Amino acid sequence: MGKTDENHHNHHSHQDHQDHQIHDNHESQLHNGHGNYQEHSGHNDKADGGHANHGHGDHEEMISDFKRRFYISLAITIPILILSPMIQDFLGFRLQFFGDIYLLFILSTFVFFYGGWPFLKGSVDELRKKIPGMMTLISLAIIVAYVYSSSTVFGLSGKNFFWELATLIDIMLLGHWLEMRSIMGASRALEELVKMMPSEAHLITENGEVKDVPVSELKEGDQVLVKPGEKVPVDGIIIKGVSSIDESMLTGESVPVEKTKDDKVIGGSINGEGALTIEVEKTGEASYLSQVIKLVKEAQETKSRTQDLSNRAAKWLFYIALAAGFGTLIIWLLLGKSFAFALERMVTVMIIACPHALGLAAPLVIAISTAISAKKGLLIRNRASFEGARKLDAIVFDKTGTLTEGKFGITDIIVNEGYEENELLMLAGSLEAQSQHPIAKGIVDGAQERNISLSEPETFESLTGKGLHGVIAGKDIMIVSPGYMKENNIEYPHEEYKKLSNQGKTVVFVLVDNQLGGMIALADKVRESAGRAIEKLKKMNIKSIMLTGDNRQVAEWVGKQLNIDEIYAEVLPHEKSDKIKEIKSKGLRVAMTGDGVNDAPALANADLGIAIGAGTDVAMETADVILVKSNPEDVVSIIELSRATYRKMIQNLWWAAGYNIFAIPLAAGILYKLGVVLTPAIGAILMSLSTIIVAINAKLLKA
């Protein structure tokens with residue numbers, strides 16, 4: 001800001017100065033915070049980027065390994081089914097030849113060791129850590145089926161379970177393959193965006209020539225030309241040109257956004273009708289898309305509480321399967337049944353106790369909810385905190401930049417007789433256009449919103465500590481502060497001024513040929529979407545609280561407009577986290593919504609930290625969830641998605657557990673006297689059915 005601007009705006013009241021100071025502090029903290037983050041992020045990328053990529057490659061390899069094992073095992077299962085006596089009886093045909101049982105044993109042994117290897121290996125890892133889970137449960141079922149069936153080949157009386165063993169391994173391989181593929185889906189969808197990035201850019205050289213270079217060669221500070229209809233190659237700032245940009249693939253914003261000089265653009269967005277010259281700001285790892293992908297991967301690696309619940313359920317199911325299996329064996333032996341019959345019941349129980357649906361219940365829903373949230377521009381960094389969002393009692397909003405736009409706008413124009421609003425605004429706007437001050441900008445923007453043409457002043461001067469003076473269209477114009485009015489004993493409507501001032505608004509006076517033309521009141525503009533968000537929160541019985549460093553008058557005025565439940569004003573930045581603790585001490589579960597930089601301690605102390613207005617600087621270190629768009633309504637979307645995700649997970653866990661509650665007693669032979677015995681074949685069908693239901697139910701997740 002030039003010296004003249006500073007002098008010009010000394011004319012505003014002390015309160016006006018305080019407003020500006022808060023605004024300016026906010027801006028500088030925001031800028032500094034982002035700079036710090038960038039440095040930190042770069043460091044992280046270098047430190048563990050290789051590891052992340054390596055892990056991702058491993059995951060791809062595991063998916064193709066499960067797929068390969070599934071198809072090979074499935075191919076060998078076909079002759080196993082044909083050679084199995086039970087299947088022959090069921091389909092009413094006979095196929096017997098010398099050594100057929102040994103061929104069946106050899107084929108089944110191959111499927112057991114080749115197809116079952118991932119589960120056997122996984123169970124060893126689980127048992128070594130003393131936390132039996134899904135892999136141990138699957139291994140228990142296939143080992144029991146294989147050992148028992150092999151024993152029948154070499155002398156033990158009873159029916160073999162080779163075909164159940166093979167189909168069980170096939171189903172497990174298929175389930176794991178689908179599960180891993182679906183979990184990869186969200187990050188792969190984001191990686192597809194990166195593939196859509198142009199590989200070349202039109203670099204403007206120092207002598208003004210345009211030459212095509214690979215995007216990878218661009219560095220910070222370079223200037224690139226983006227022609228109409230082309231994709232923006234990198235994150236940057238427009239230094240020349242006006243156009244509309246389609247960012248729907250990146251931020252979920254369906255309407256193309258008008259962009260002009262000094263606006264930021266994101267690599268991967270699509271340029272509309274105008275040619276743009278862009279100064280490169282971020283490339284490679286630091287770019288918006290790379291940060292989004294990193295965040296989605298972080299979210300996928302974060303432990304989900306409900307996922308932990310399903311892992312714990314698998315652990316208990318392992319113990320239940322063991323207890324139920326051996327209990328079944330002992331009870332049938334005590335009831336006088338043969339060892340072969342009792343053993344068959346025991347094996348059936350252990351095979352059936354393996355619910356693959358339980359392993360799918362949480363991961364499928366997590367994968368789908370992560371994809372939905374990324375499409376909506378809600379980036380989840382901490383899944384456990386996100387899942388807890390369904391139980392929130394209060395949302396604390398930072399005022400500047402969250403509930404308000406963080407820039408001044410005209411709220412009232414009071415004109416004297418003989419003047420019209422538009423005429424007064426044209427005169428004030430023409431003079432203020434010479435200044436870069438936030439209030440000057442607010443008046444100029446107000447004039448432009450009304451499509452008022454501004455004139456070039458014939459003369460212009462800054463009156464030290466008083467205001468601005470100039471000649472426009474032959475009229476002597478002054479824009480001054482209340483102090484100047486009092487000093488020079490110029491009459492003005494005190495009551496109306498007092499009313500505006502009490503609302504925390506900044507008031508300037510427009511003098512035309514030394515006569516009062518009118519007053520213009522300005523304040524930080526309230527976001528329309530903030531009002532809608534708070535209305536929706538009220539319907540959800542969630543309390544809305546405003547936390548601001550601004551003075552009480554301004555806070556009360558904004559709070560009244562938005563119908564906010566509670567207001568904490570004049571809170572210094574370092575006191576914000578204490579206020580969060582104070583609200584939490586009342587027994588409320590609290591989310592804090594701020595800009596993620598100067599609100600960092602408060603975000604960290606809240607049950608859920610939400611960084612809003614992040615724009616292209618998405619990776620806020622202390623936030624649990626990051627909102628790409630500066631839209632407070634997205635806070636409501638987080639809560640709705642959290643509730644829908646949890647509902648689906650619980651439904652899936654019940655479906656998965658319900659299968660066991662129903663199947664284990666039947667397999668043990670509880671209804672044996674009624675002639676109802678659950679065979680492993682029916683058990684396998686029920687298991688597949690529960691897996692399919694869980695998968696379909698997860699796909700139905702909407703938010």
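For clarity, every value in this text was computed on a predicted model and none was experimentally measured. (Residues numbered from 1 in each chain as written. Predicted model: local features only at pLDDT ≥ 70, side-chain atom pairs only at ≥ 80, totals over all residues. Heavy atoms only, no water.)

Describing the overall build of the protein
Definition in use: Secondary structure counts use DSSP, requiring at least four H or I residues in a row for a helix and at least two E residues in a row for a strand, with both numbered from the N terminus. Partly exposed residues are those whose accessible area sits between 20% and 50% of the maximum for their type, while under 20% is buried and over 50% is exposed, using a 1.4 Å probe and protein chains only. By definition in these notes, contact holds between two residues if any of their heavy atoms fall within 4.5 Å. Computed with the Shrake-Rupley method and a 1.4 Å probe, the accessible areas treat only the protein chains shown as cover for residues.
Per the secondary structure count, the protein includes 24 helices and 22 strands. Counting every position in the protein, which comprises 703 residues, the buried fraction comes to 53%. In the protein, of all internal contacts separated by at least 6 residues, the share reaching a separation of at least 24 is 70%. Accessible surface, the protein as shown: approximately 31700 Å² in total, 56% of it carbon and sulfur.

A closer look at the packing of helix 4 (residues 100-115) against helix 6 (residues 134-153)
Spelled out, the test is: Throughout, an axis means a line fitted to C-alpha atoms (over the contacting stretch in the case of helices), and angles, computed between N-to-C directions, take values from 0 to 180 degrees. Every angle not falling under 35 degrees, over 145, or within 65 to 115 is termed oblique; those three ranges are roughly parallel, roughly antiparallel and roughly perpendicular. Here a crossing is taken to be left-handed if its near helix is turned anticlockwise relative to the far helix by less than a right angle, and right-handed if that turn runs clockwise. We call Asp, Glu, Lys and Arg charged. Ala, Val, Leu, Ile, Met, Phe, Trp, Tyr, Cys and Pro are nonpolar, and the rest, Gly among them, are polar.
Contact geometry for helix 4 and helix 6: axes closest at 11 Å, N-to-C directions at 160°. Considered as vectors, helix 4 and helix 6 are oriented roughly antiparallel to each other. The two elements helix 4 and helix 6 meet at a crossing, and its hand is left-handed. Within the contact between the two elements, helix 4 uses I101, Y102, F105, T109, F112 and F113 and helix 6 uses I142, I143, Y146, S150 and V153. Looking at the contact of helix 4 with helix 6 residue by residue, the class counts come to nine nonpolar, two polar and no charged.

Some remarks on helix 5 (residues 117-128)
Defined as follows: One fewer than the residue count of a helix, multiplied by 1.5 Å, yields its expected span.
Between its terminal C-alpha atoms helix 5 stretches 17 Å, which fits the 16 Å expected from 12 residues at 1.5 Å a residue. Positioned one or two residues after helix 5, K130 has a phi angle of 60°, which is positive.

Section: the side chain of T277
For T277, the position within the fold is in strand 9 (residues 276-282). T277 has contacts with I204, Q223, V224, L225, I237, I238, I239 and K240, leaving out every residue within four places of it along the chain.

Side note on the side chain of K648
The cut-off we apply is this: Two residue types count as positive, namely Lys and Arg, and two as negative, namely Asp and Glu; His and chain ends fall outside the count. Only one rule defines a salt bridge in this text: a Lys or Arg side-chain nitrogen within 4 Å of an Asp or Glu carboxyl oxygen.
Mapped onto the secondary structure, K648 falls in helix 23 (residues 633-668). Buried within the structure, K648 lacks any salt-bridge partner; E640 is the closest side chain of opposite charge, at an N-O distance of 15 Å. In this structure K648 touches V365, N697, L700 and L701, once residues within four positions along its chain are discounted.

So, the nonpolar core
Put simply, the test is: Side-chain atoms within 4.5 Å link the members of a nonpolar core, which is a set of buried Ala, Val, Leu, Ile, Met, Phe, Trp, Tyr and Cys residues.
Ranked by size, the top nonpolar core spans 68 residues in total, and within it I80, F119, I142, F162, L165, L168 and L358 carry the most contacts. For this core, the element with the most residues is helix 6, which contributes 12 residues. Discounting chain neighbours no more than four positions away, the residues touching L168 are A141, I142, I351 and M687. I366, W557, I610 and V636 belong to the second largest nonpolar core, which has 42 residues in total.

Side note on the sheet that holds strand 17 (residues 515-526)
As a reminder, the rule being used: A pair of strands counts as paired when DSSP detects no fewer than two bridges linking them.
The antiparallel open sheet is built from six strands, whose spatial order is 12-17-16-15-14-13. Of all the strands in the sheet, just strand 12 (404-415) and strand 13 (459-463) have a single pairing partner and so form its edges. Taking the axes of each pair of neighbouring strands and ignoring which way they run, one obtains an average angle of 20° across the sheet. Pairing geometry for strand 12 and strand 17, over eight bridges, is antiparallel. Paired with I414 across the strands is M519, a residue of strand 17. Helix 15 (residues 421-432) rests against strand 12, strand 13, strand 14 (467-472), strand 15 (475-480), strand 16 (506-512) and strand 17 of the sheet, and its axis sits at about 110° to strand 14. Relative to the sheet, helix 20 (residues 552-562) contacts strand 12 and strand 17, its axis offset from that of strand 17 by approximately 70°.

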